[in-house]
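Residues per chain, in single letters:
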Amino acid sequence: MKAAIIRFPGSNCDQDCEFVLKEQGFQTEFVWHKDTSAAGFDLIVLPGGFSYGDYLRCGAIARYSPIMKSVIEQAAQGVLVLGICNGFQILCESGLLPGALVRNRDLRFICEHVQLRVESTASPFLSGATVGSVLNIPIAHGEGNYVCDATTLAQLNAENRVLLRYEGVNPNGATENIAGICNAARNVFGLMPHPERACDSHLGSTDGRIIFQSILASLA
Amino acid sequence: MKAKVFVMPKQSILDPQGVAVRDAMRHHGMPGVKFVRVGKVIDLEVEGATEAQLHEIARDLLSNPVVEDYTIQLGA
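Bear in mind that the values here come from a model prediction, so they are computed numbers and not experimental data.

## Considerations on the pairing of strand β10 (residues 178-182) of chain A
Residues and elements named next belong to chain A. By the criterion of burial, β10 is predominantly enclosed, with five of the five residues buried. Here three bridges tie strand β9 (residues 162-166) to β10, and the two strands are oriented antiparallel to one another. By the bridge assignment for β10, Val 162 is matched with Ile 181. Here β10 folds back onto strand β11 (residues 188-191) in antiparallel fashion, the turn holding five residues, of which Arg 186 has a positive phi close to 65 degrees.

## What about the interface of chain B and chain A?
Opposite the eight residues of chain B that make contact, chain A presents eleven residues. With three residues, the single largest contributor to the side of chain B that touches chain A is helix α1 (residues 16-27) of chain B. Looking at the side of chain B that touches chain A residue by residue, the classes come out as six nonpolar, two polar and no charged.

## Regarding the nonpolar core
One finds Ala4(A), Ile6(A), Ile44(A) and Val45(A) to be the most contacted residues of the largest nonpolar core, which totals 71 residues. What Ile44(A) contacts, discounting residues up to four positions off in sequence, is Ala4(A), Ile6(A), Ala38(A), Val71(A), Gln74(A), Val79(A) and Val81(A).

## Here's the deal with the sheet that holds strand β6 (residues 110-118) of chain A
Residues and elements named next belong to chain A. Taken in spatial order, the nine strands make up an open sheet running β2-β1-β3-β4-β11-β10-β9-β6-β7, and their pairing is mixed. Both edges of this open sheet fall to β2 (27-32) and β7 (134-141), since each of them pairs with a single strand only. Across the sheet, the mean angle separating the axes of adjacent strands is 25 degrees when strand polarity is ignored. Sheet analysis places strand β1 (residues 2-7) next to β2, joined by six bridges and oriented parallel. Each bridged residue has a counterpart across the sheet, and for Ile 6 the counterpart in β2 is Val 31. Each of β1, β2 and β3 (43-46) touches helix α1 (residues 14-23); the most contacted strand, β1, lies at about 175 degrees to it.

## Some points on the confidence of the model for chain B
Mean pLDDT over chain B: 93, with 99% of residues reaching 70 or higher. Quick note on the complex model: pTM equals 0.94, ipTM equals 0.84.

## Looking at the sheet that holds strand β2 (residues 40-45) of chain B
Working definition: the strands of a sheet are paired by backbone hydrogen bonds and lie parallel or antiparallel to each other. All names here are of chain B. The three strands are arranged β2-β1-β3 in an open sheet whose pairing can be described as antiparallel. The open sheet has two edge strands, β2 and β3 (68-74), and neither has a second partner. Each strand axis lies, on average, 20 degrees off the axis of its neighbour in the sheet, ignoring direction. Bridge analysis of strand β1 (residues 2-9) against β3 gives seven bridges, and the strand direction is antiparallel. Residue pairing for β3: Ala 3 is matched across the bridge by Leu 74.

## Thoughts on helix α5 (residues 209-219) of chain A
Buried within α5(A) we find Ile210(A), Ile211(A), Phe212(A) and Ile215(A). Those residues of α5(A) that are buried lie in contact with α1, β3, β4 (80-84) and β7 of chain A.

## As for unusual backbone geometry
Residue and element names in this part refer to chain A. Here Tyr 52, not a glycine, exhibits a phi torsion of approximately 55 degrees, which is positive. Along the polypeptide, Tyr 52 turns up in the loop between β3 and α2 (66-76). A positive phi angle, close to 65 degrees, is found at Arg 186, a residue other than glycine. Among the structural elements, Arg 186 can be located in the loop between β10 and β11. On the basis of neighbour counts, which here come to 18 C-beta atoms within 10 Å, the residue Arg 186 falls in the partly exposed class.

Criteria and cut-off values
Residues numbered from 1 in each chain as written. Chains lettered and ligands numbered in written order. Predicted model: local features only at pLDDT ≥ 70, side-chain atom pairs only at ≥ 80, totals over all residues. Buried ≥ 20, exposed ≤ 12 C-beta atoms within 10 Å, placed from the backbone. Helix = DSSP H or I, 4+ residues; strand = E, 2+ residues; numbered from the N terminus. Pairing = 2+ DSSP bridges. Contact = placed C-beta atoms within 7 Å. Nonpolar A, V, L, I, M, F, W, Y, C, P; charged D, E, K, R; others polar. Core = buried A, V, L, I, M, F, W, Y, C linked by C-beta atoms within 7 Å. Axes fitted to C-alpha atoms, helices over the stretch in contact; angles between N-to-C directions. pLDDT = per-residue confidence, 0-100.

Next up, the structure:
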């Protein structure tokens, strides 16, 4: 299985993603944001970081990177797209996912492990998990407060598209504790937590592996 | 063409920066402050663009319509 990791100026979780994907058995390739084709991959990862220094809004400028046109085309063709943290923000800015991520409720950058409840396993991203199980995965963001209008929220809930919610404590003020959502076709998934930072027992948790293992199993 | 684009958080979106500034103003001896919102102003000078194009760029890039509203002041 081939995974593309898109590198924007300011991406800083690209190598962590590469490490984990390779460990799980993916072939990986870094794709520069100025490239114009993201074709030929089974999975496209938009990693975390601070693309373009978070200028204007997080993800707002990355959305206009040349590569994003191709990412949007690939997503429309059913290729799996995973956006982590800044990658989630880019997916929202580019319209591949609804809503937006705004400043954390308490205005602080938060870097800590959180508990996430698996809300739906009906996607390639969490098909190996159990609904109601709780994952211990870290977050690291200043703008992770998910907001959307009431119609979108109702639609997300009705279509079971909220895949992960913060369990117990809501760290950033996100609407209905939303930590990760997918698109209607269920092949684009964005989440604020960093599963790639929870794949090695030395880092305190291996709960993030289930996402990469689910993707691999669904592509097999 | 010169223009200023004002981008403000939508009324329906909680603006935590505005709340923090409001609270600070109250602590600094202005207990009567009721409401503060923090937005941004973008100064532009553009050649060969129409007003419609300015609106397009303000809507698509300079603001995010999910959480922000914009207004354009021409010739500013």
